[in-house]
Amino acid sequence: MLQSAIRPVRPFLTLLLVVLVLLAGPACVPDGEWAAGVPDGKSPGGPPPAPFGAYVGYGSEGVRRISELDGWLGPATPRVGHAYLAGDRWGHIEGEPGDLHHWAQWRRARADRLFVLNVPMLDRAEAHLSDRTVRRLLHDGADGAYDGHFRTLARRLVSLGIPDTVLVVGWEMNGITYTHRCGPDPEAWKAYWVRIVETMRSVPGQRFRFEFAPNRGRDAVPWPLCYPGDRYVDVIGMDAYDQPRGMSFDEQVHEPYGLAEHVRFARAHHKAFSYPEWGLFRNGDNPAYVRGMLTWFARQRPLYQTISDYCPHGVWRCPANPRSSQVYRRLLVEPFD
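Residues numbered from 1 in each chain as written. Predicted model: local features only at pLDDT ≥ 70, side-chain atom pairs only at ≥ 80, totals over all residues. Heavy atoms only, no water.

Chemist: Run through the overall build of the protein, naming residues and quoting values.
Modeler: For the protein, the helix and strand inventory stands at 13 helices and 8 strands. Here the protein holds 337 residues, and the buried ones make up 55% of them. Within the protein, contacts between residues at least 6 apart in sequence are counted, and of these 79% link residues at least 24 apart. For the protein, the exposed area adds up to about 14000 Å²; of that, 53% sits on carbon and sulfur atoms. (Helix = DSSP H or I, 4+ residues; strand = E, 2+ residues; numbered from the N terminus. Buried < 20%, exposed > 50% of the residue type's maximum accessible area, 1.4 Å probe, protein only. Contact = heavy atoms within 4.5 Å. Areas by Shrake-Rupley, 256 points an atom, 1.4 Å probe, with all protein chains shown as cover.)

This is how it looks when you write it as structure tokens:
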């Protein structure tokens, strides 16, 4: 897309447009403040580090779209596949429908690929159950009522040849969207998380990494209150969308429980960190946000990052975000200055 935008007839106009594009690049983001706010911050030198990827759908359709995204990007190759288990009923949380077979084939095709799977902690995941009901379900889980479901999922992943899957368990627990939210009883939530991890780790052959991934910011409860402990967490992720309306990227970095605090927390606990969900949202087609996030990744060096590539969040699959799409593609392909 950038190439078609800088194809004038005369060399002088070509040079002028290139200069303008460079001036609109990462230098527009207040980078110096980020390095001062986060220990071990590094200046970007080269394209954002791999692996990166996108959520582009379930099953065989998602695998096909990852290949198409690769073609759109050209030299930059997505190496992370990201999928979700449906949380409507326990059979789906066990991986029952068969979608995992397609992702297992994709993952095994190249040794440098990473497969990330979001795993609901409870069925009826988006049923908007009451806090009283959620509290009871969390206690049931902590007491072992659902161990069999997670043992079945672990065995299925091992049998499919993807025992090294990154499991994003109970994501966005600091919010109110999902039944597996932490707010009604953080202590029960943490005890249940520990139970899930111990159950899945007990399956022979597994090499899972368990990822704790709250929403950026405070949301309903401060996410550190839900942290279940270093022994039971391998990766500390963060879902970070461009919201609320009017909030600049620099404010997203420095807000309480924001991007900077996430990195500080992970480093203090000697954990890898990641961004399993990120993308545009309340502020529309916002190339400054996309530039800010990709520059942040280049500086902080996460384990991986996957954009949610569908409307309104995406770039490749969302025609409503053409300017952001151009910035995303350019910065993944071309070196940072």
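More follows now that the structure is in view.
Chemist: Mind laying out the state of the cysteines, listing which residues take part and the relevant values?
Modeler: As used in these notes, a disulfide is a covalent bond between sulfur atoms, one from each of two cysteines. Throughout the structure, instances matching the rule amount to 2 disulfides. What pairs with Cys182 in a disulfide is Cys226, and their sulfur atoms sit 2.3 Å apart. Across the S-S bond linking Cys182 and Cys226, the dihedral sits near -105°, which makes this disulfide left-handed. With Cys182 in the loop between strand S4 (166-169) and helix H9 (186-201) and Cys226 in the loop between strand S5 (209-212) and strand S6 (235-241), this pair connects stretches of sequence that are 44 residues apart. Residue Cys182 is classed as buried on the basis of its relative accessible area of 0%. (Disulfide = S-S within 2.5 Å.)

Chemist: With reference to specific residues and values, describe helix H13 (residues 322-333).
Modeler: The end-to-end C-alpha distance of H13, which contains 12 residues, comes to 17 Å, matching closely the 16 Å that a straight helix rising 1.5 Å per residue would cover. Ser324, Ser325, Val327, Tyr328, Arg330, Leu331 and Leu332 are the residues of H13 that are buried. (Expected span 1.5 Å × (residues − 1).)

Chemist: Run through the sheet that holds S5, naming residues and quoting values.
Modeler: Within the closed barrel, the 8 strands sit side by side as S1-S2-S3-S4-S5-S6-S7-S8. Their pairing is parallel. Ignoring strand direction, the axes of neighbouring strands in this sheet form an average angle of 25°. Judged from the 4 bridges that link them, strand S1 (residues 52-55) and strand S8 (residues 305-308) form a sheet pairing that is parallel. If you follow Ala54 over to S8, its bridge partner there is Ile307. Contacts from H13 reach S1, strand S7 (272-279) and S8 within the one sheet, and its direction differs from that of S1 by about 150°. (Pairing = 2+ DSSP bridges. Axes fitted to C-alpha atoms, helices over the stretch in contact; angles between N-to-C directions.)

Chemist: Tell me what's going on with the side chain of Asn174, and back it up with residues and numbers.
Modeler: Along the chain, Asn174 turns up in the loop between S4 and H9. Setting aside residues no more than four positions away along its own chain, Asn174 makes contact with Pro214, Asn215, Gly217, Arg218, Asp219, Ala220, Val221 and Trp223.

Chemist: Can you lay out the nonpolar core for me, pointing to particular residues and giving the numbers?
Modeler: Tyr192, Trp193, Phe212, Trp278 and Tyr328 are the most contacted members of the largest nonpolar core, which totals 82 residues. Apart from the residues lying within four places of it in its own chain, the contact partners of Tyr192 are Trp90, Met121, Leu122, Leu138, Gly141, Ala142, Tyr146 and Phe150. One finds Tyr55, Tyr84, Val116 and Tyr178 within the second-largest nonpolar core, a separate group that totals 11 residues. (Core = buried A, V, L, I, M, F, W, Y, C linked by side-chain atoms within 4.5 Å.)

Chemist: With reference to specific residues and values, describe the confidence of the model for the protein.
Modeler: Overall, the prediction assigns the protein a mean pLDDT of 88, with 84% of residues at 70 or greater. The spread of mean pLDDT over the elements of the protein runs between helix H1 (residues 2-5), the lowest at 31, and S5, the highest at 99. Scored below 50 in pLDDT, residues 1-33 shows 35 contacts in the model against residues more than four places distant or in partner chains. (pLDDT = per-residue confidence, 0-100.)

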